[in-house]
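Each chain is listed here by its residues.
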Amino acid sequence: MGKKRVFITREIPESGLHSLREECDVKVNPHARNLSQQELMEMSKGAAGLICLLSDKIDREFIESHPELKVIANYAVGYNNIDVQAATENNVKVANGPGVLTEATADLTWSLLLAAARRIVESDNYVRQGKFSGWGPKLLRGHSVYGKTIGIIGFGHIGQAVGKRARGFGMNILYNKRNPLSAKQESELGAEFREIPNLLQEADFITINAPLNDGTYSLLGKAEFELMKKTAVLVNTGRGKIIKEEELVAALQKKEIAAAGLDVYENEPAITPELLKLDNVVLTPHTGSSTYQARSELAELAAKNILAGLKGEEMPSSLN
Ligand code: DGY
């Protein structure tokens, strides 16, 4: 019997490809760009295994038009791009990539927090543009971080990793999560639960580390920005659709909040054009997990999930 076919929608690090190639007939999107939905539909025909990106829409139509498909491994921890219910109904196994991205994403959350608070991008531009003519008492003042209050929305692995870093900054840690932690867990993590409105009112720094679901979709808009402190810094490394982007732009323009650091966008890769004109926002291109280590480990995990799923064995991070 021939090797089973696996399609990968974008070239991933070699660490994952290697083991897959030994056992499967692996085809990789040959383009140095993401596929259109039509290309995705066509190029994955006949594949028993699929490694896809968070930007690939794996909906019911896709699943039902690929009857040979047995296993999907999302090259991401978030899996809001996959209709897991439709996959389950069609006997297709689905896996994501938990764990391996946690620390890298927490690091980027903190990079954005510090960069937005201390105006790093503006400062860099200022120096490059030859404007630095000497030390100034009021030059590019930002917001102090040490000892302040952080409010973490989404307190799973990544949110908790953000919280651990906050302890090093002597911060008071508030969190919101669909199912609050036990008192014991809270005391171990040094974090206190708050309902969203209270968290927004009390926190100096707000980070979004939640997945996109019915409870987080459009969670933050005009009314919520009005609750935040005028000095608040908001960071989103979760999913763009958690924030109403145009309403965030208005809040930043009117200085209702001080600054934002964004790695994800409501309609990415499209970005609300006004965001690009603002000085008080730091933007990264959804690179929260983009370290050599994390992306290699994610590739290995995706490969392990595919191989186990195709052999009918238990998958390391099965979702159904
Ligand atoms: C994920 O894995 O969900 C991240 O957004 C990718 O960096």
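Caption draft 1: Broad picture of the overall build of the chain. Each helix and strand counted, the chain has 12 helices and 12 strands in total. In terms of overall size, the chain behaves like a compact globule, its C-alpha atoms giving a radius of gyration of 21 Å where 320 residues would be expected to give roughly 20 Å. Judged by the C-alpha coordinates and their principal axes, the chain covers about 75 × 50 × 30 Å. Expressed as a percentage of the 320 residues in the chain, the buried residues total 48%. Within the chain, contacts between residues at least 6 apart in sequence are counted, and of these 58% link residues at least 24 apart. About 15,800 Å² of surface is accessible on the chain, with carbon and sulfur atoms providing 51% of the total. Charged side chains in the chain number 38 positive and 40 negative. The centres of these two groups are separated by 4 Å.

Caption draft 2: Structural context of the packing of aromatic side chains. For the structure shown, the criterion picks out three aromatic pairs. Each ring, one from phenylalanine 155 and one from tyrosine 175, has its centre 4.6 Å from the other, and the planes form 20°; the classification is stacked. Taken together, the residues phenylalanine 155 in the loop between β6 (149-153) and α7 (157-168) and tyrosine 175 in strand β7 (residues 172-176) connect sequence positions 20 residues apart. Considered together, phenylalanine 155 and tyrosine 175 belong to a single accessibility category, that of buried residues. Between the aromatic rings of tyrosine 175 and phenylalanine 193, the centroid separation amounts to 5.6 Å while the plane-to-plane angle is 75°, which identifies the pairing as edge-to-face. Highlighted residues: tyrosine 175 in strand β7 and phenylalanine 193 in strand β8 (residues 191-193), separated in sequence by 18 residues. Grouped by ring-pair contacts, the aromatic residues Phe155, Tyr175 and Phe193 constitute a single cluster.

Caption draft 3: Up close: helix α5 (residues 102-117). Over its 16 residues, α5 runs 22 Å from end to end, which matches the ideal 22 Å to within 8%, given 1.5 Å per residue. Along α5, 12 of the 16 residues are buried, which leaves the element largely enclosed by surrounding structure. Here α5 has its buried residues at Thr102, Ala104, Thr105, Ala106, Leu108, Thr109, Trp110, Leu112, Leu113, Ala115, Ala116 and Ala117. The first or second residue beyond α5 is arginine 119, which carries a positive phi of 55°.

Caption draft 4: The site of the ligand, seen in detail. Around the ligand, a shell composed of Leu54, Ala76, Val77, Gly78, Leu101, Arg239, His286, Ser289 and Arg295 is seen. Arginine 239 places a side-chain nitrogen or oxygen 2.7 Å from an oxygen atom of the ligand. Within the complex, 91% of the 230 Å² of free accessible area of the ligand lies under protein. The residue inventory of the shell around the ligand, partitioned by class, reads four nonpolar, three polar and two charged.

Caption draft 5: How the structure looks around the environment of valine 28. Relative to the helices and strands, valine 28 is located in strand β2 (residues 24-28). Spatially, the C-alpha atoms of valine 28 and aspartate 204 are 45 Å apart, while their sequence positions differ by 176 residues. Excluding its chain neighbours within four sequence positions, the residues that come into contact with valine 28 are Phe7, Ile8, Arg10, Glu11, Leu17 and Arg21.

Conventions and cut-offs
- Residues numbered from 1 in each chain as written.
- Predicted model: local features only at pLDDT ≥ 70, side-chain atom pairs only at ≥ 80, totals over all residues.
- Heavy atoms only, no water.
- Helix = DSSP H or I, 4+ residues; strand = E, 2+ residues; numbered from the N terminus.
- Rg over C-alpha atoms; globule rule 2.2 N^0.38 Å.
- Buried < 20%, exposed > 50% of the residue type's maximum accessible area, 1.4 Å probe, protein only.
- Contact = heavy atoms within 4.5 Å.
- Areas by Shrake-Rupley, 256 points an atom, 1.4 Å probe, with all protein chains shown as cover.
- Lys, Arg positive; Asp, Glu negative; His and termini not counted.
- Charge placed at Lys NZ, Arg CZ, Asp CG, Glu CD.
- Phe/Tyr/Trp six-rings, centres within 6.5 Å; stacked < 30°, edge-to-face > 60°.
- Expected span 1.5 Å × (residues − 1).
- Near = heavy atom within 4 Å.
- Polar contact = N/O pair within 3.5 Å; in protein donor to acceptor, adjacent residues only side chain to side chain.
- Nonpolar A, V, L, I, M, F, W, Y, C, P; charged D, E, K, R; others polar.

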